[in-house]
Amino acid sequence: MKKLSYVIALISVPSLGFIFACSSDQESDGSGSRYVEVYDYKPHYACSGAGRENAVDWVEQVLRRSDADGPPDFFAISQLENQSIDLPENFQALGAFCDHSGSEAYADVIGLLYDVDTWTLTGSFPIDESGNACPLTDDSSPPATCVWGESTPCCACAGDPQSTPIPDGHSIGSRAFAIGRFQDQAANELCVVTANLPHPVTAEDQRSCDLNLPIDCLSNIDNTGPFGTENFTRQLSALCGDVAQVIFLGDTNAINPYWDLAQMFPVGVMSEMIEQDDPLYTCCFDEDPVVRFPLVNQYPTDRIGARGARSVVTTGGAAIPGVSMSAPTVYDLDSCYASSYEQSYGFPCCGSSEEHAPLRSVIDFGY
């Protein structure tokens, strides 16, 4: 979608949700809009075999879209094991990994795909040994275990696993993030960050703390966000603190649909994020151990937000917890022959264990 060339009006059509109608980039009063289209998808590690091939095929179809809108600007993807996405010529990627545990087989991997016909990368975190953006990582052989306090090439962990004592010694896990700073052809700047964030917890290591009122989740050591996110907020501020327009794409692991990004992060770049009002439930595809029946879309953990935007319109997942996707959705095939179930419930990897539903947003940044 070449958002720099079009103004897009939302038109409601019965049974079809919303469609996008293109017109000139200048409205009659001289004002206009600049739209950015983004995707966020977390297949999770269990995505494998024929399901993984199906998910990769779908991502490639999105990137090669040749309709009037063209391809998206950005596509964030995380935890796609042994990924082998064949990028079109007009797409490049940057990535990161995190592994605090010393077991490379379980490194968290994440990446951002971007349209180079529209966006030029001017800065990134993390970087490799030569100071360049890191490739979209493949967790079959990450380069090294991340060591907190040291500069490990291509390593970006959200927080320090030893930052706050947890009574039972439970680790916050290895959570990765990646940041890109971009310019469009008119030299407008935009930062895009994609992240997997740790589960919010209390000081007693209890989850679901964001359902308490008032929310009593443990903060990170900088008091800039939830526990285990201090490196995430520091690096985002360092690279993008002076950029007026910033997009967040990722899994927050927050289960309260009304605990938004700006509330999770009380200061800094993230504190100025807006999201669409209606929550979307994306996590996850789980099998009930008793009835052996899928439990889908129970939690609104995946979020898309933007700083400096006039609006964020997001589709995907479910409108209420525990049901399959409803139109307009992102991946809408009713069946997946690679699945052990009769339908894929709208999950590109055919409903693999813990797979998240993808999201798509159109963000209006204005001029």
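Source: prediction; values computed, not measured.

**Q** Is there a simple way to explain the pattern of salt bridges in this structure?
**A** Side chains that differ in charge, positive against negative, can pair when their charged atoms come close. Applying the stated criterion to the full structure yields 11 salt bridges. Two residues, Arg-181 and Asp-242, come together in a salt bridge whose shortest N-O distance is 2.8 Å. Within this pair, whereas Arg-181 is found in strand β8 (residues 177-183), its partner Asp-242 is found in the loop between α2 (230-240) and β10 (246-251), the two being separated by 61 residues in sequence. Here Arg-181 falls in the buried class, since its relative accessible area comes to 13%. Asp-242 gets classed as exposed once you look at its relative accessible area, which sits at 60%. Across the pair Asp-364 and Arg-310 runs a salt bridge, and its minimum N-O distance is 3.3 Å. Of the two residues, Asp-364 sits in strand β16 (residues 359-364) while Arg-310 sits in the loop between β14 (302-307) and β15 (311-316), which places them 54 residues apart along the sequence. A residue is classified by how much of its surface remains accessible, and Asp-364, at 7% relative accessible area, is buried. Salt bridges sharing partners connect three or more residues here, namely Glu-37, Arg-65 and Arg-360.

**Q** How should the state of the cysteines be read in this particular structure?
**A** Here a disulfide denotes a covalent bond joining the sulfur atom of one cysteine to the sulfur atom of another. Tallying each qualifying case throughout the model produces seven disulfides. Shown here is the disulfide that connects Cys-98 with Cys-157, its sulfur atoms set 2.1 Å apart. In this structure the cystine formed by Cys-98 and Cys-157 twists about its S-S bond by roughly 105°; its chirality is therefore right-handed. Taken together, the residues Cys-98 in strand β5 (residues 91-98) and Cys-157 in the loop between β7 (120-125) and β8 connect sequence positions 59 residues apart. Judged by its relative accessible area of 0%, Cys-98 falls in the buried class.

**Q** When you look at the sheet that holds β14 in this model, what are you seeing that I'm missing?
**A** Pairing is mixed across the open sheet formed by six strands, whose spatial order is β7-β8-β9-β10-β14-β11. Every other strand in the sheet has two partners, leaving β7 and β11 (273-274) as the edge strands with one partner each. Note: β8 against strand β9 (residues 189-196), seven bridges, orientation antiparallel. The residue of β9 that forms the bridge with Ala-178 is Thr-194. Sheet contacts for α2: β7, β8, β9, β10 and β14; angle to β8, the most-contacted strand, approximately 10°.

**Q** In this structure, what is going on with empty space enclosed by the protein? I would like to understand it.
**A** To find leftover empty space, one rolls a probe the size of a water molecule over the atoms. Evaluated as defined, the whole model comprises two cavities of 30 Å³ or more. Taken as a whole, the largest cavity holds about 50 Å³ of empty space. Lining the largest cavity we find 10 residues, and of these Ile-77, Gln-79, Leu-80, Leu-136 and Thr-137 sit closest to its centre. The element that contributes the greatest number of residues to the lining of the largest cavity is strand β6 (residues 108-115), accounting for three residues. In the lining of the largest cavity, the residues fall into five nonpolar, five polar and no charged.

**Q** I would appreciate a short explanation of the nonpolar core in the present structure.
**A** Across soluble globular proteins, nonpolar side chains have a tendency to be buried as a group. Formed by 60 residues in total, the largest nonpolar core has its most connected members in Phe-74, Phe-232, Leu-236, Ile-247, Phe-248 and Ile-363. Sequence-distant contacts of Phe-248, that is, excluding residues within four places in its chain, are made with Val-193, Ala-195, Leu-197, Phe-232, Leu-261, Met-270, Met-273, Arg-303, Ile-304 and Gly-305. If you look at the next biggest cluster of nonpolar residues, it comprises 19 residues, including Val-56, Trp-58, Leu-113 and Leu-136.

Rules of the game
Residues numbered from 1 in each chain as written. Predicted model: local features only at pLDDT ≥ 70, side-chain atom pairs only at ≥ 80, totals over all residues. Heavy atoms only, no water. Salt bridge = Lys/Arg side-chain N within 4 Å of Asp/Glu carboxyl O. Helix = DSSP H or I, 4+ residues; strand = E, 2+ residues; numbered from the N terminus. Buried < 20%, exposed > 50% of the residue type's maximum accessible area, 1.4 Å probe, protein only. Disulfide = S-S within 2.5 Å. Pairing = 2+ DSSP bridges. Contact = heavy atoms within 4.5 Å. Axes fitted to C-alpha atoms, helices over the stretch in contact; angles between N-to-C directions. 1 Å grid on protein atoms, 1.4 Å probe; cavity = no way out; pocket = protein on both sides within 12 Å on 5 of 7 lines; lining within 4 Å. Points joined across faces, edges and corners; volume = space filled by probe spheres on them. Nonpolar A, V, L, I, M, F, W, Y, C, P; charged D, E, K, R; others polar. Core = buried A, V, L, I, M, F, W, Y, C linked by side-chain atoms within 4.5 Å.

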